[in-house]
Amino acid sequence: MAFMDKDFLLDSHLAVKLYHEVVENLPIIDYHCHLNAKDIYENKPFKSITDVWLNGDHYKWRFLRSFGVEESLVSFGEDEYSRFLAYAKHMPYAIGNPLYHWTHLELKRFFKTDLLLNEKNAKSIYEITNQKITQTRPSDILKHFNVSVIGTTDDPVDDLKYHTLLKNSQLDYKVIPTFRPDKALHIELPSFNPWIKQLEEVTQIKITDISSLEDALLNRMIFFNDNGCKSSDHSFNHIMFVKTTKEEVNYILIKALQDDHITELELKKYKGYMLTYLGRCYKKLNWVQQYHIGALRNVNELIYHRYGADYGYDSMNDQGFIEQLSQLLNEQEKTNELPKTILYTLNPAFNEAIVSLSGSFHETGIRQKVQFGSGWWFNDQLDGMNRQLEAYSQMSFLTNFVGMTTDSRSFLSYVRHEYFRRLVTNKLAKLVESGQYPDDFDTLSEIAKGICYKNAVSYFDI
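Conventions adopted
- Residues numbered from 1 in each chain as written.
- Predicted model: local features only at pLDDT ≥ 70, side-chain atom pairs only at ≥ 80, totals over all residues.
- Heavy atoms only, no water.
- Axes fitted to C-alpha atoms, helices over the stretch in contact; angles between N-to-C directions.
- Helix = DSSP H or I, 4+ residues; strand = E, 2+ residues; numbered from the N terminus.
- Parallel < 35°, antiparallel > 145°, perpendicular 65-115°, else oblique.
- Left-handed = near helix turned anticlockwise from the far one by under 90°.
- Contact = heavy atoms within 4.5 Å.
- Nonpolar A, V, L, I, M, F, W, Y, C, P; charged D, E, K, R; others polar.
- 1 Å grid on protein atoms, 1.4 Å probe; cavity = no way out; pocket = protein on both sides within 12 Å on 5 of 7 lines; lining within 4 Å.
- Points joined across faces, edges and corners; volume = space filled by probe spheres on them.
- Pairing = 2+ DSSP bridges.
- Phe/Tyr/Trp six-rings, centres within 6.5 Å; stacked < 30°, edge-to-face > 60°.
- Buried < 20%, exposed > 50% of the residue type's maximum accessible area, 1.4 Å probe, protein only.
- Lys NZ or Arg CZ within 6 Å of the ring centre and 35° of its normal.
- Salt bridge = Lys/Arg side-chain N within 4 Å of Asp/Glu carboxyl O.

Draft legend 1. Fine view of the packing of helix 19 (residues 415–433) against helix 20 (residues 441–459). Close contact between helix 19 and helix 20 brings their axes to 10 Å; oriented N to C, the two are set at 150 degrees. When the interaxial angle is binned, helix 19 and helix 20 end up roughly antiparallel. Helix-helix and strand crossings are classified by hand; for helix 19 and helix 20 the assignment is right-handed. Here helix 19 contributes Phe 420, Arg 421, Val 424, Thr 425, Leu 428 and Val 432 to the contact with helix 20, which in turn contributes Leu 444, Ile 447, Ala 448, Ile 451 and Cys 452. Grouping the amino acids of the contact of helix 19 with helix 20 by side-chain chemistry returns 9 nonpolar, 1 polar and 1 charged.

Draft legend 2. Geometry of empty space enclosed by the protein. All told, the structure shown has 3 cavities of 30 Å³ or more when counted by the stated rule. In this structure, the largest cavity occupies an estimated 50 Å³ of space. Every residue along the wall of the largest cavity is listed here: Thr 345, Pro 348, Asn 351, Phe 372, Gly 373, Ser 374, Gly 375, Trp 376, Asn 379, Gly 384 and Gln 388. Residue composition of the lining of the largest cavity, grouped by class: 3 nonpolar, 8 polar and no charged.

Draft legend 3. Here's a closer look at the sheet that holds strand 1 (residues 28–30). Pairing is parallel in the open sheet, where 3 strands are placed in the order 1-2-3. With partners counted over all chains shown, the strands left at the sheet margins are strand 1 and strand 3 (174–176), one partner each. Neighbour-to-neighbour, the strand axes of the sheet open up by a mean angle of 10 degrees, direction not taken into account. Looking at chain direction, strand 1 and strand 2 (residues 147–151) are connected through 3 bridges and run parallel. Bridge assignment links Asp 30 to a residue of strand 2, and that residue is Ile 150.

Draft legend 4. Molecular detail of the packing of aromatic side chains. Following the criterion strictly, the structure yields 31 aromatic pairs and no others. Plain terms: the ring middles of Trp 61 and Tyr 311 are 4.9 Å apart, the flat faces sit at 45 degrees to each other, and that makes the pair tilted. Taken together, the positions of Trp 61 in helix 4 (residues 58–66) and Tyr 311 in the loop between helix 15 (301–307) and strand 8 (315–316) put the pair 250 residues apart, joining distant regions of the chain. Accessibility expressed as a relative area gives 6% for Trp 61, which makes it buried. Overall, the relative accessible area of 13% leaves Tyr 311 in the buried class. The residue whose ring lies beneath Lys 340 is Tyr 459, and the NZ or CZ to ring-centre distance is 5.4 Å. Of note, Arg 416 hangs over the ring of Tyr 59, and the distance from its end group to the ring centre comes to 5.3 Å.

Draft legend 5. Highlighting the pattern of salt bridges. All told, the structure shown has 28 salt bridges when counted by the stated rule. Notably, a salt bridge pairs Arg 180 with Asp 233, separated by 2.6 Å at the nearest N-O pair. A residue pair is termed long-range when its members are at least 10 positions apart, and Arg 180 in the loop between strand 4 (178–179) and helix 10 (182–185) and Asp 233 in strand 5 (residues 231–236) qualify at 53 residues. Assigned by exposure class, Arg 180 and Asp 233 land together as buried. Here Glu 200 and Lys 197 are joined by a salt bridge, their closest N and O atoms 3.9 Å apart. Here Lys 197 and Glu 200 lie together in helix 11 (residues 192–203), a separation of 3 residues that amounts to about one turn. On the accessibility criterion, Lys 197 (46% relative accessible area) is partly exposed. Each of Lys 283, Glu 333, Glu 363 and Lys 369 takes part in a single network of salt bridges with overlapping partners.

What follows is the structure, encoded as structure tokens:
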């Protein structure tokens, strides 16, 4: 087969037809990402292809480091062409890695070039891409990829200034905030009390006990809701839950506010209680709660102390969490206050456990209330996505899946939706080709449209 032609990853005539005729041009609902609302609003042209590709992208940083490239050419150097050249020079050796596909999809789809990225073509590609990207604004990219909704990731103390400005602008797409209260849960970290001071300032609520903390968080949830928020997001190394009482948690919080030592058991009680409280609030607001589970962060302590977090030194965690997760969901469900929930696992060893757990919670009128989230981070690649789709279809009902989200900081990453849509349509076609499903194009089209677009619109009430 030709390299990455128009039928890339499509193995049959039916797959080709489903992709090109049904899902290729559907709008994109990117319900969870890390794009910056300020960047979207200010809409400034990009500086260079190096700025777009290498600044802030830990996937590419890990790639270059794996070949021993010096850090000044990886994450922070000022010589933009030298950094680009290092990336181009090593790209041919990314065989089998999603970076090779993503990079060339971006070159093909946005920059309209079929040149392969390598040392020989580096100068030509640098000139071609820079000529366009320096005249390109974020809005141009969003329009090009037919992006309809962007769900950013925002701290509860954020003033959402740029979301407000965007909401009042005449745009072809929506930019909606997502409530990310991780800092309210990390009472074991030195950053907790400084963050509490910020929360007090924006809410004008003095936080002295658990009731006042709940009031302050609810204050911000209402503010986010008034600004179009549709979901929350939580990131966990692992789930912590031990059943407790409000009185116990009040004592634990007061200890934390006084910078006293918090035990492991106290931490589990506090986090389990707060997640239950937050989930009940989300239910009242008709939000979706998203749980990203299983990252083992900052494993290289030397680099963490040198550069800080989110620098490309994280890993999958293999710590079990299913029992505590089930208890947490059940605690919310017991009072009919479990919101719509998406569960992502960074470790694919837990795929089947997650999807089997999701089938234990339902609500009349909601299709697949608890969802098994798309392949995330290290699983955001061909095999990872296929494994997720297979587990979903075998142990639940793929027809109800809300589909792909980029979870990305890059405006050009929307080619990953194309990648996902090709895999979805190819999977559906394989079931027909192998005699496991009838050749019913109308129903297959309905299923494909749902997974790639319509289910997310309904689930997030967009």
